[in-house]
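Observations on the three-dimensional arrangement
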Amino acid sequence: MHTPDPVQVGDRVLILRPAYVAGKVGVVCGRESGSDGQPSNRWLIQVDSDTENIVVSLTWNEFQLMPPGITVRS
């Protein structure tokens, strides 16, 4: 039986790694696709930043979902 993915487009996440964006909040843009068109185990995350436009490709263990209504200042 297929289990639904806990990560959804638009979810807010706390980035754990890599170090240059660790501690920042991001928004899930979507799942990366491999060269064969199949979904990979990586997610594209738009980092919340007033000064830079950053999108990072992260695996599930490099970020954690944030409960709705929680805010983090970086």
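Presented here is an overview of the structure given in this document. (Residues numbered from 1 in each chain as written. Predicted model: local features only at pLDDT ≥ 70, side-chain atom pairs only at ≥ 80, totals over all residues. Heavy atoms only, no water.)

Considering all chains together, one arrives at 1 aromatic pair under this definition. Ring geometry for W60 versus F63: centroids 5.4 Å apart, planes at 85°, classification edge-to-face. Residue classification places W60 among the partly exposed residues on the basis of a relative accessible area of 43%. (Phe/Tyr/Trp six-rings, centres within 6.5 Å; stacked < 30°, edge-to-face > 60°. Buried < 20%, exposed > 50% of the residue type's maximum accessible area, 1.4 Å probe, protein only.)

Next up on the list: the pattern of salt bridges. Evaluation of the coordinates by the stated rule reveals 1 salt bridge. One salt bridge connects D48 with R12, and the closest N-O pair in it is separated by 3.2 Å. With D48 in the loop between β3 (39–47) and β4 (54–59) and R12 in strand β1 (residues 12–15), this pair connects stretches of sequence that are 36 residues apart. For R12, a relative accessible area of 34% puts it in the partly exposed group. (Salt bridge = Lys/Arg side-chain N within 4 Å of Asp/Glu carboxyl O. Helix = DSSP H or I, 4+ residues; strand = E, 2+ residues; numbered from the N terminus.)

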